[in-house]
Amino acid sequence: MRILMLGDVVGEGGRRLVEAFVPELRREARVDFVVVNGENAAHGHGITERIAREWLDDLGVDVITTGNHVWKQKDLVPLMEEEPHVLRPANYPKGAPGRGHTVIETPDGRKLGVINLEGRVFMRPLDNPFALAPELVAELRATFERHGLAGEVLLVDDEAPLRTALRGVLEDEGFRVFEAVDGAADGVQQGRGAPDVVFPLGQLRHLSDGDPVVDQLGPGRRPHLSARNASSWVASQTGVSCIG
């Protein structure tokens, strides 16, 4: 997955750069997810509802983060209350309007957690962001596990019945599963980014660098995670100890 993070955007000049380059970067660089800090977008004094809506609705920004100027534009407060794509710093006191972290689903079904924290050097004495961050990460991780957001698996085999059988097991455990008859055939799904695990059923082992199936996948398609043995990996994730 390709994530673009920008910020902070200051004033009209910064906004023009967002307008000019974010849509182009999403298209040309195949960016999957865009996070922009916009807390100085309104002439250095926060971000207005109009600017935020334009970024989210028209320019391809997925999440807007903020900082100590978040309260400068009063019309942003109602938007933060209802819009999970606009964040305030999470280390403000409990009860502050809006939210400091969120989970966003991409158009292809992947979900990402985003946390917005504000530093304290020469700033307000907010909650310690370094102490709060691990708590929020654990909360987001629990959310992902609770909803079965366990990752993406690519099944590679020329036998459809075998792919179908294992696909059902993995989907029951919350994995998003894609299929291909071989590594080259997976090229038709290039826009998805790399899977978390590539599973060559005919070999019953996890792929590593130098494997011909992995080499067929092409640039940007190598799996994110490694496992020494595919059978043991499936058993650890699903409780199924025998495949095929």
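A brief report on the enclosed structure follows.

Scoring rules and cut-offs
Residues numbered from 1 in each chain as written. Predicted model: local features only at pLDDT ≥ 70, side-chain atom pairs only at ≥ 80, totals over all residues. Heavy atoms only, no water. Buried < 20%, exposed > 50% of the residue type's maximum accessible area, 1.4 Å probe, protein only. Helix = DSSP H or I, 4+ residues; strand = E, 2+ residues; numbered from the N terminus. Arc of directions from axis to C-beta. Contact = heavy atoms within 4.5 Å. Pairing = 2+ DSSP bridges. Patch = residues over 30% accessible without salt bridge, like charges linked within 9 Å, V, L, I, M, F, W, Y side chains within 5 Å. Areas by Shrake-Rupley, 256 points an atom, 1.4 Å probe, with all protein chains shown as cover. Salt bridge = Lys/Arg side-chain N within 4 Å of Asp/Glu carboxyl O. Core = buried A, V, L, I, M, F, W, Y, C linked by side-chain atoms within 4.5 Å. Lys, Arg positive; Asp, Glu negative; His and termini not counted. Charge placed at Lys NZ, Arg CZ, Asp CG, Glu CD.

Right, let's get into helix 2 (residues 49-58). Of the positions making up helix 2, those classed as buried are I51, A52, W55 and L56. Across the axial projection of helix 2, the buried residues extend over an arc of 125°, all falling on one side. Turned more than 90 degrees away from the buried face of helix 2 sit R50 and D58, all of them exposed. For helix 2, the secondary structure elements touched by its buried residues are helix 1 (11-28), strand 2 (33-37), strand 3 (63-65) and helix 3 (76-82).

Examined bridge by bridge, strand 4 (residues 101-105) and strand 5 (residues 111-115) share 5 bridges and lie antiparallel to one another. The residue bridging V103 from the neighbouring strand is G113, located in strand 5. Two successive antiparallel strands, strand 4 and strand 5, enclose a turn made up of 5 residues, where G109 displays a positive phi of approximately 95°.

Residues M1, I3 and M5 make up a contiguous nonpolar surface patch of roughly 300 Å² in combined accessible area. Relative to the helices and strands, M1 is located in the segment before strand 1 (3-6).

Moving on, we come to the environment of A131. Among the secondary structure elements, A131 is positioned in helix 4 (residues 129-146). What makes A131 partly exposed here is its relative accessible area of 44%. Along the sequence, A131 and N91 sit 40 residues apart, while their C-alpha atoms lie 9.8 Å from each other.

On to the nonpolar core, then. Counting residues in each nonpolar core, the largest one holds 25 residues, and the members touching the most others are V34, I47, W55, V61, I64, L76 and V86. Elements with a minimum of two residues in this core: helix 1, strand 2, helix 2 and helix 3. Looking at which element gives the most residues to this core, the answer is helix 2, with 4 residues. Contacts of L76, omitting those with residues within four sequence positions, involve I47, T48, E49, A52, V70 and V86. Membership of the second largest hydrophobic core comes to 7 residues, among which are V35, L87, I104 and L112.

On the surface, a cluster of negative charge is contributed by E49, D75, E81 and E82. Mapped onto the secondary structure, E49 falls in helix 2.

What follows covers the pattern of salt bridges. Following the criterion strictly, the structure yields 7 salt bridges and no others. D62 serves as the salt-bridge partner of R26, at 2.8 Å between the closest nitrogen and oxygen. Of this pair, R26 sits in helix 1 while D62 sits in the loop between helix 2 and strand 3, and the two are 36 residues apart along the sequence. Its relative accessible area of 13% is what places D62 among the buried residues.

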